[in-house]
Amino acid sequence: MLSSLGWSQCDGCNSNTTEYWNNSSEEDFQCIDWVESLNSCNTDAINFLQLLMNSTNDSDLLEFGNQLWRNNRLIYLKCRGCGITGNLPQEINLVDSLEHLNLQVNFISYIPDEISDLERLMYINLRDNELTGVIPEFIYSIPTLKELRLNNNNFEGIRILCNNAHCCNCCDSKGNHT
């Protein structure tokens, strides 16, 4: 009915998403509402998705990976094997409602320190990418982080930090250089 009045709500999943992982309850949920247009969605989140998608062969933001939007804000993004290359855009800090980020099996080579500005982020999966150097310490400063998967990258000198009591022992970094 709202869309017939020329207004559409950005609340629900994109068409690629049939279910999503709920970090709070730690269980899968089925999508029941669908986002048909990104016109009323948060502009910063759309810009971030566009930056991610620029390095891929995809051309439709609404079809890009698995997305869950709540109250016009992106809270869940899973883009496994989407062909994302290069640096994770530093504009990620503008997607301040993001709770779940899964960009595994891509070609990401850098995590910007702006990711630590995401105070709602509970889950990060960047396994099977091309990340190098040492695991950045700022990633452990995310207060809500419960799970961090960085395995099968090219990190060296792996060391797990416990600055964040909620994230102590949450890092899976197998398959990296030691």
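Refer to the structure above for everything that follows.
Residues numbered from 1 in each chain as written. Predicted model: local features only at pLDDT ≥ 70, side-chain atom pairs only at ≥ 80, totals over all residues. Heavy atoms only, no water.

A. Examining the environment of Asn 14 more closely. Counting through the fold element by element, Asn 14 comes out in the loop between strand E1 (12-13) and strand E2 (19-22). A relative accessible area of 0% places Asn 14 in the buried class. Excluding residues within four positions of it along the chain, Asn 14 makes contact with Trp 34, Val 35, Leu 62, Glu 63, Phe 64, Gly 65, Asn 66 and Gln 67. Polar side-chain contacts of Asn 14 include one of 3.0 Å to the backbone oxygen of Leu 62. Within the structure, Asn 14 has its side chain in polar contact with the backbone nitrogen of Gln 67 (distance 3.0 Å). (Helix = DSSP H or I, 4+ residues; strand = E, 2+ residues; numbered from the N terminus. Buried < 20%, exposed > 50% of the residue type's maximum accessible area, 1.4 Å probe, protein only. Contact = heavy atoms within 4.5 Å. Polar contact = N/O pair within 3.5 Å; in protein donor to acceptor, adjacent residues only side chain to side chain.)

B. Summary view of the pairing of strand E5 (residues 73-78). As defined by bridge partners, strand E4 (residues 66-70) adjoins E5 across 5 bridges and the pair is classed as antiparallel. Residue pairing in the sheet places Gln 67 in a bridge with Leu 77 of E5. In sequence, E4 turns back onto E5 through a hairpin of 2 residues, with Asn 71 there showing a positive phi of about 55°. Inspection of the sheet shows E5 paired to strand E7 (residues 100-102) by 3 bridges, in the parallel sense. The residue bridging Leu 77 from the neighbouring strand is Leu 101, located in E7. (Pairing = 2+ DSSP bridges.)

C. Seen up close, the state of the cysteines. This model, assessed by the stated rule, comprises 3 disulfides. The disulfide partner of Cys 10 is Cys 41, and the S-S distance across this bridge is 1.8 Å. What sets the handedness of the Cys 10 and Cys 41 disulfide is the S-S torsion sign, and at about 90° it is right-handed. Of this pair, Cys 10 sits in the segment before E1 while Cys 41 sits in the loop between strand E3 (27-30) and helix H1 (43-53), placing them 31 residues apart in sequence. Residue class for Cys 10 comes out buried when judged on its relative accessible area of 0%. Classification of Cys 41 by relative accessible area gives buried; the value is 5%. Shown here is the disulfide that connects Cys 13 with Cys 31, its sulfur atoms set 1.9 Å apart. Torsion about the S-S bond of the Cys 13 and Cys 31 cystine: about -70°, corresponding to left-handed handedness. Taken together, the positions of Cys 13 in strand E1 and Cys 31 in the loop between E3 and H1 put the pair 18 residues apart, joining distant regions of the chain. Since its relative accessible area comes to 2%, Cys 13 is described here as buried. (Disulfide = S-S within 2.5 Å.)

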